[in-house]
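Structural features, examined
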Amino acid sequence: MEGGPTDSAPLVNRRVVLAARADGRPVTLENFRIEDCPVPELAEGELLVRNRFLSIDPYMRGRMDGARSYAKPVEIGEVMVGGTVGIVVASRNERFAIGDLVQGRLGWQRYAVSDGNGLSRLPELPGVPLSAYLGVLGMPGVTAWYGLNRILEPAAGQTLVVSAASGAVGSVVGQLAKAAGCRVVGIAGGAEKCAIATELYGFDVCIDYKRGHVAADLIAAAPQGIDMLFENVGGALMDAAFAHMNPFGRVAVCGLISGYDGGGTPLNQVRSILVNRLRVQGFIISDHPDVWPEALRDLSARVTAGTLKWRETIAEGIDAAPQALIDLLAGRNVGKQLVRLDPAH
Ligand SMILES: NC(=O)c1ccc[n+]([C@@H]2O[C@H](COP(=O)([O-])OP(=O)(O)OC[C@H]3O[C@@H](n4cnc5c(N)ncnc54)[C@H](OP(=O)(O)O)[C@@H]3O)[C@@H](O)[C@H]2O)c1
């Protein structure tokens, strides 16, 4: 075992728990508490994972509120939820051996005891870093794949608009849509993110919404109108896109991040749904476990061929996780936001 509980010094776990609900207010460091606690002895059937990377995702903001949603909130004093990749360092579970690299939802902590449920061994594609299994080859990648292929049904020559375009989900949506022959227009915050969308990801155009004239920019960027909208933000950006949709357009409502801190995401252009006969579909990727194998086969093939690219922003150490979530919600991440939990990797 790698520094396991049978060593002379007891193994200490550091973890981040929810200290106070954020209910309708921006997240601050006071919402979290960092705790050290001993790693418990393993019971029969359990294994111990040393987490290497933690995924920081917008949905975590919703779990900090007490409001009813599609998933139950994190309780006060509970470890924050989160996707992880790590290595098995002790095992009393016959399905997992020491040294196995595993993916799961083991939360904001360095070590986690698991009974193996919800854990899977990583495929370890040559040349693909471990962190990619939390981004382009993880939940965000599959989200992009599902929303694009199963809801928007891209057709060559049509125009797709995606917001939060340079982020973990948006960047994959745009690249897959380009590969399907679509005209791709991104919307992102700032010149740097827009340059990444066009130069690294190959989008046709990226609109910097912080310049303040998204509606006019969309008309210029999508002269034939918008056939598909992959919505990640909501509010004013969604409204501007709705106003420029084509008849029989499709809208995949993936996220409404502009409203996660409260305040709502008012939509004024509801009329567009009627007059353009739009198909508007919200989705939550955890409802669709059946698509993961097909989506990951496709995404993996593109990653290993070098045709699907990604960027990461990595915060160092478990103590940095709360600030990493605050930064993500403020748009300070460039690409997939992660926390490195094991300095050796
Ligand atoms: N439905 C599902 O199952 C599912 C699964 C995964 C993710 N999602 C959703 O997909 C969206 C993107 O997630 P991600 O993981 O790829 O995150 P991400 O795009 O990598 O990071 C979040 C980005 O959102 C943008 N943002 C934050 N606040 C904003 C605001 N007030 N107005 C405009 N943009 C804002 C920022 O980019 P800019 O600087 O460009 O503004 C920020 O970098 C989120 O809405 C998330 O909730 C949904």
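No experiment lies behind these values; they were computed from the predicted model shown. (Residues numbered from 1 in each chain as written. Predicted model: local features only at pLDDT ≥ 70, side-chain atom pairs only at ≥ 80, totals over all residues. Heavy atoms only, no water.)

Notes on the sheet that holds strand S9 (residues 183–188)
- Read from one edge to the other, the open sheet built from six strands follows the order S10-S9-S8-S11-S12-S13, with strand pairing classed as parallel. Unpaired on one side and paired on the other, strand S10 (205–208) and strand S13 (279–282) mark the two borders of the sheet. Each strand axis lies, on average, 15° off the axis of its neighbour in the sheet, ignoring direction.
- As judged from the five bridges shared by strand S8 (residues 159–163) and S9, these two strands associate in the parallel manner. Looking across to S9, one finds that threonine 159 is bridged to arginine 183.
- The sheet strands contacting helix H3 (residues 168–179) are S8, S9 and strand S11 (226–231), and the helix crosses S8 at an angle near 170°.
- The sheet contacts of helix H4 (residues 191–200) involve S9 and S10, and relative to S10 the element is tilted by about 170°. (Pairing = 2+ DSSP bridges. Helix = DSSP H or I, 4+ residues; strand = E, 2+ residues; numbered from the N terminus. Axes fitted to C-alpha atoms, helices over the stretch in contact; angles between N-to-C directions. Contact = heavy atoms within 4.5 Å.)

Section: the site of the ligand
- Close to the ligand lie 27 residues; Lys193, Tyr209, Tyr260, Ile285 and Asn333 are nearest.
- One of the side-chain N or O atoms of lysine 193 is found 2.6 Å from an oxygen atom in the ligand.
- A distance of 2.6 Å separates an oxygen atom of the ligand from a polar side-chain atom of tyrosine 209.
- When the ligand is considered free in solution it has 900 Å² of accessible area, and contact with the protein chains removes 90% of it.
- Of all the secondary-structure elements, those providing two or more residues to the shell around the ligand are helix H2 (139–152), H3 and helix H9 (321–329).
- Classifying every residue of the shell around the ligand by side-chain character gives 17 nonpolar, nine polar and one charged. (Near = heavy atom within 4 Å. Polar contact = N/O pair within 3.5 Å; in protein donor to acceptor, adjacent residues only side chain to side chain. Areas by Shrake-Rupley, 256 points an atom, 1.4 Å probe, with all protein chains shown as cover. Nonpolar A, V, L, I, M, F, W, Y, C, P; charged D, E, K, R; others polar.)

Section: the pairing of strand S3 (residues 47–55)
- Of all the nine residues making up S3, nine are buried; the element is thus mostly covered by neighbouring parts of the structure.
- The sheet contact formed by S3 and strand S6 (residues 111–114) spans four bridges and is antiparallel. If you follow leucine 47 over to S6, its bridge partner there is serine 114. (Buried < 20%, exposed > 50% of the residue type's maximum accessible area, 1.4 Å probe, protein only.)

Regarding the packing of aromatic side chains
- Taken as a whole and assessed by the stated rule, the structure comprises four aromatic pairs.
- Summarising the aromatic geometry, the rings of tyrosine 146 and phenylalanine 283 are spaced 5.4 Å apart at their centres and angled 40° between planes, so their arrangement reads as tilted. Of this pair, tyrosine 146 sits in helix H2 while phenylalanine 283 sits in the loop between S13 and helix H8 (292–305), and the two are 137 residues apart along the sequence.
- Looking at tyrosine 146, the relative accessible area reads 11%, which means it is buried. (Phe/Tyr/Trp six-rings, centres within 6.5 Å; stacked < 30°, edge-to-face > 60°.)

Observations regarding the packing of H2 against H8
- Where H2 meets H8, the axes come as close as 9 Å, and the angle between the chain directions of the two elements is 100°. When the interaxial angle is binned, H2 and H8 end up roughly perpendicular. Along its contact with H2, which presents Met139, Gly141, Val142, Trp145 and Arg150, the element H8 presents Trp292, Glu294, Ala295, Leu296, Asp298 and Leu299.
- Partitioned by chemical class, the residues of the contact of H2 with H8 number seven nonpolar, one polar and three charged. (Parallel < 35°, antiparallel > 145°, perpendicular 65-115°, else oblique.)

Thoughts on the pattern of salt bridges
- Using the criterion set out here, one finds 18 salt bridges in the structure.
- Two residues, glutamate 75 and arginine 21, come together in a salt bridge whose shortest N-O distance is 3.7 Å. Taken together, the positions of glutamate 75 in the loop between helix H1 (59–63) and strand S4 (84–91) and arginine 21 in the loop between strand S1 (12–18) and strand S2 (32–38) put the pair 54 residues apart, joining distant regions of the chain.
- In this structure glutamate 75 comes out as partly exposed when scored by relative accessible area, which is 39%.
- Given the relative accessible area of 18%, arginine 21 is considered buried.
- Measuring nitrogen to oxygen at the nearest pair gives 3.1 Å for the salt bridge that ties glutamate 35 to arginine 33.
- One salt-bridge network, in which partners are shared between bridges, spans Arg14, Asp36 and Asp319. (Salt bridge = Lys/Arg side-chain N within 4 Å of Asp/Glu carboxyl O.)

A word on the packing of H2 against H3
- Relative orientation of the contacting elements H2 and H3 amounts to 45°, with a least axis distance of 8 Å. Overall, the two elements H2 and H3 adopt an arrangement that is oblique. The chirality of how H2 crosses H3 is right-handed. Between H2 and H3, the residues in contact are Pro140, Gly141, Thr143, Ala144, Trp145 and Leu148 and Ala168, Val169, Val172, Val173, Leu176 and Ala177, respectively.
- Of the residues contributing to the contact of H2 with H3, the split by class is ten nonpolar, two polar and no charged. (Left-handed = near helix turned anticlockwise from the far one by under 90°.)

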